[in-house]
Amino acid sequence: ATPMSVMVGVGKAAEAGVLIRNGEALQNASKITAMILDKTGTITEGAPKVTDIVLAKATDEKDVLQLAASLESGSEHPLAQAIVESALDKDIELLKIEAFNAITGFGVEANCNNKALLFGNDKLMKLKGIDLTGFVGKAQSLAKEAKTPMYFAVDGELAAIIAVADPIKSDSISAIQRLQANGIRVIMLTGDNKETAATVAKKAGISEFFAEVLPEDKANKVKELQGSGEIVGMTGDGINDAPALALADVGFAIGTGTDVAIESADITLMRGSLHGLADAIAVSKATLRNIK
Ligand code: ADP
Ligand code: MG
């Protein structure tokens, strides 16, 4: 495309709240054959709320939430924010924690009041040898409701399952349909568990998804698709999406997402809506048509 038509295209896209960083991205957008969408914060609102606290022992729910929230006050993960907010809403005071450690893709651990706290997914519990007997079924049924169940252990024993729900953005479904109508293969990628991922994908109208993907493997998925001949678009909002955004043929960041994601992407969707994807592709097609 001529520099002039690219400038016009960039301006048109900006009117739709789509910020295009370079002319190459504008030209490549219309060639995308596969679009990877991160789940949390991209397809969903990314503001999860606590929905269920299932106690594993005869303990007080308030005590469990106090310890869990105190632990999560050390984490910046959206799941952690949901736990902290839930405690603050109930006027539960947060306690001091020590030796906080975040295990990316698994969960968090710390000490509090001389108790060893552990919070995260089933893989983390397996890693630390926590017995989940009798509770896996409960977690699975919560996941089938599109909730994300997390296990909370105190001193090596399961204390509770705490589940959070993160609703799908109201216009994600129609935005995904627009991409599919353009003949684009839409794929969801998430670190969340398989059951939750399956339920969210189905609700969003996506038939292809990969769950329990570790942050470093998101970029590998981009590479794999490129290797099979796809021109790959990647859309995400998190720090863990950054390498995949940089590697994709066109990286799209959610404008309300992390700075790292925005810096790694070619295009930013300022309105946070996935409709910006089909808008960018439409402007790209129009720009390329103008050259002929
Ligand atoms: P996503 O792609 O959904 O952002 P992550 O890789 O950040 O996934 O996290 C994967 C999983 O690890 C989460 O679904 C959760 O079960 C667990 N996890 C990560 N961070 C935390 C945390 N701070 N507290 C509890 N669980 C966590
Ligand atoms: Mg995300």
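The rules we used
Residues numbered from 1 in each chain as written. Chains lettered and ligands numbered in written order. Predicted model: local features only at pLDDT ≥ 70, side-chain atom pairs only at ≥ 80, totals over all residues. Buried ≥ 20, exposed ≤ 12 C-beta atoms within 10 Å, placed from the backbone. Helix = DSSP H or I, 4+ residues; strand = E, 2+ residues; numbered from the N terminus. Arc of directions from axis to C-beta. Contact = placed C-beta atoms within 7 Å. Near = placed C-beta within 6 Å. Nonpolar A, V, L, I, M, F, W, Y, C, P; charged D, E, K, R; others polar. Domains from an automatic or database assignment.

Undergrad: Report on helix H10 (residues 215–227), specifying residues and quantitative values.
TA: Taken together, the buried positions of H10 are Lys218, Val222 and Leu225. The buried residues of H10 occupy an angular sector of 70 degrees when the element is viewed end-on, so they sit on one face. Exposed and facing more than 90 degrees away from the buried side of H10 are Glu216, Lys223, Glu224 and Gly227. Against the buried residues of H10 lie strand E2 (34–38), strand E9 (185–189), strand E11 (232–236) and helix H11 (242–247).

Undergrad: Describe the site of ligand 1, with residues and values.
TA: Contacts to ligand 1 come from 22 residues, most closely from Ser75, His77, Gly107, Asn121 and Gly191. Secondary structure elements with two or more residues in the shell around ligand 1: helix H3 (39–43), helix H5 (78–89), strand E5 (107–112), strand E6 (115–120) and strand E7 (147–154). Among the residues making up the shell around ligand 1, the classes are represented as 7 nonpolar, 12 polar and 3 charged. Both domains that furnish three or more residues to the shell around ligand 1 are identified here as domain 1 (3–45 + 168–291) and domain 2 (49–165).

Undergrad: So what's going on with helix H9 (residues 194–204)? Which residues, and what values?
TA: Structurally, the α-helix is built with 3.6 residues per turn, so residues lying three or four positions apart point the same way. For H9, the full list of buried residues reads Glu195, Thr196, Ala197, Val200, Ala201 and Ala204. Buried positions along H9 lie against H3, helix H7 (136–144), E7, helix H8 (172–181), E9 and strand E10 (208–210).

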